[in-house]
Amino acid sequence: MDLRKIDALIAKHVFNRTCEFASQLEGEEQLLYTPRRLKGVPRYSSDISAAWELTELGEYGFKISTNFNGEALVSCHRYVGKGAFQVAEATANTAPLAMCLAALKVNEIDVDV
C-alpha cells in the first residue's frame, strides 16, 4: 500500500480526522486536507516527527526496538477502558512506518505494505 494511503488511514482511524483525496497528480495520489488541519495530512509513515504525534495521544503507548534483521519492531497498546488494553506488533524498515502499522493493527486494520 502507498505510504500516503497509510497516512490517511492513521488520520482517519487514529486521530479521527476526515480525509479526502485529490485527483491524481504526477501519478501519486495526494491528500487534500483534514478539516482540523488544513495544511494536509502529515507524513506519519515516513517522517519520525509526524509519527511521534502518535505517542502524544493519551490512549496509545509504544515500545520501539529493532529485531535481529535490523528492522524497526514496534509494540503498540491502546487503552480500551476498565483497565483493559489491546496490543499489536508490527515490523518495518523504518520506525515511523512500523509505528503506523502497529497503531492500525491495534485498531483492527491490517495493511499490506
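Computed from a predicted model, the values in this text were never measured in an experiment. (Residues numbered from 1 in each chain as written. Predicted model: local features only at pLDDT ≥ 70, side-chain atom pairs only at ≥ 80, totals over all residues. Heavy atoms only, no water.)

Asker: Explanation requested: the overall build of the chain in the structure shown.
Answerer: Looking only at helices and strands, the chain features 3 helices and 5 strands. For the chain, the N- to C-terminal ordering of α and β elements is α-β-β-α-β-β-β-α. A burial count over the chain gives 41% of its 113 residues as buried. Within the chain, contacts between residues at least 6 apart in sequence are counted, and of these 42% link residues at least 24 apart. Counting every atom, the chain has about 6,700 Å² of accessible surface; 48% of that belongs to carbon and sulfur. (Helix = DSSP H or I, 4+ residues; strand = E, 2+ residues; numbered from the N terminus. Buried < 20%, exposed > 50% of the residue type's maximum accessible area, 1.4 Å probe, protein only. Contact = heavy atoms within 4.5 Å. Areas by Shrake-Rupley, 256 points an atom, 1.4 Å probe, with all protein chains shown as cover.)

Asker: I tried to follow the packing of aromatic side chains on my own but got confused; where do I start?
Answerer: The relative placement of two aromatic rings is captured by the distance of their centres and the angle of their planes. Applying the stated criterion across every chain, the model contains 2 aromatic pairs. Between Y79 and F85, the ring centres sit 5.4 Å apart and the planes meet at 65°, which makes this aromatic pair edge-to-face. For Y79, a relative accessible area of 40% corresponds to the partly exposed category. A relative accessible area of 47% means that F85 is categorised as partly exposed. (Phe/Tyr/Trp six-rings, centres within 6.5 Å; stacked < 30°, edge-to-face > 60°.)

Asker: Looking at this structure, how should I read unusual backbone geometry?
Answerer: Where the residue is not glycine, phi is negative for most of them; where a peptide bond is considered, it is trans in most cases. We note that K82 has phi near 50°; this positive angle belongs to a residue other than glycine. Look at K82 and you get exposed, because its relative accessible area is 87%. One non-glycine residue, E108, adopts positive backbone phi at about 65°. Summarising the element assignment, E108 is placed in the segment after helix 3 (95–106). Assessed through its relative accessible area of 65%, E108 is described here as exposed.

Asker: How should I be thinking about the sheet that holds strand 3 (residues 60–66) in this particular structure?
Answerer: Note: strands within a sheet are paired through backbone hydrogen bonds, in either parallel or antiparallel orientation. Taken in spatial order, the 3 strands line up as 3-4-5 in an open sheet, and their pairing is antiparallel. The open sheet has two edge strands, strand 3 and strand 5 (84–92), and neither has a second partner. The mean inter-strand angle of the sheet, taken between neighbouring strand axes irrespective of direction, is 15°. Across 9 bridges, the pairing between strand 4 (residues 72–81) and strand 5 is antiparallel. Bridge pairing links A72 to A92 in strand 5. Packed on one face of the sheet, helix 3 meets strand 3, strand 4 and strand 5 and runs near 145° to strand 5. (Pairing = 2+ DSSP bridges. Axes fitted to C-alpha atoms, helices over the stretch in contact; angles between N-to-C directions.)

Asker: What am I meant to see in helix 1 (residues 3–13) here?
Answerer: The periodicity of an α-helix, 3.6 residues per turn, causes residues three or four places apart in sequence to face the same way. Every buried residue of helix 1 is accounted for by R4, I6, D7, A8, L9, I10 and A11. For helix 1, the N-terminal capping position is held by D2, with its side-chain oxygen 2.8 Å away from the main-chain nitrogen of R4. (Polar contact = N/O pair within 3.5 Å; in protein donor to acceptor, adjacent residues only side chain to side chain.)

Asker: Would you mind going over the packing of helix 1 against helix 3 with me for this structure?
Answerer: Pairs of packed helices are described in terms of their axes, by the angle between the two and the distance that separates them. Look at helix 1 against helix 3: their axes get within 10 Å of each other, and the N-to-C directions meet at 45°. Viewed along their axes, helix 1 and helix 3 adopt a mutual orientation that is oblique. The two elements helix 1 and helix 3 meet at a crossing, and its hand is left-handed. On helix 3, the residues touching L3, I6, L9 and I10 of helix 1 are L97, C100, L101, A103 and L104. For the contact of helix 1 with helix 3, the class distribution of residues is 9 nonpolar, no polar and no charged. (Parallel < 35°, antiparallel > 145°, perpendicular 65-115°, else oblique. Left-handed = near helix turned anticlockwise from the far one by under 90°. Nonpolar A, V, L, I, M, F, W, Y, C, P; charged D, E, K, R; others polar.)

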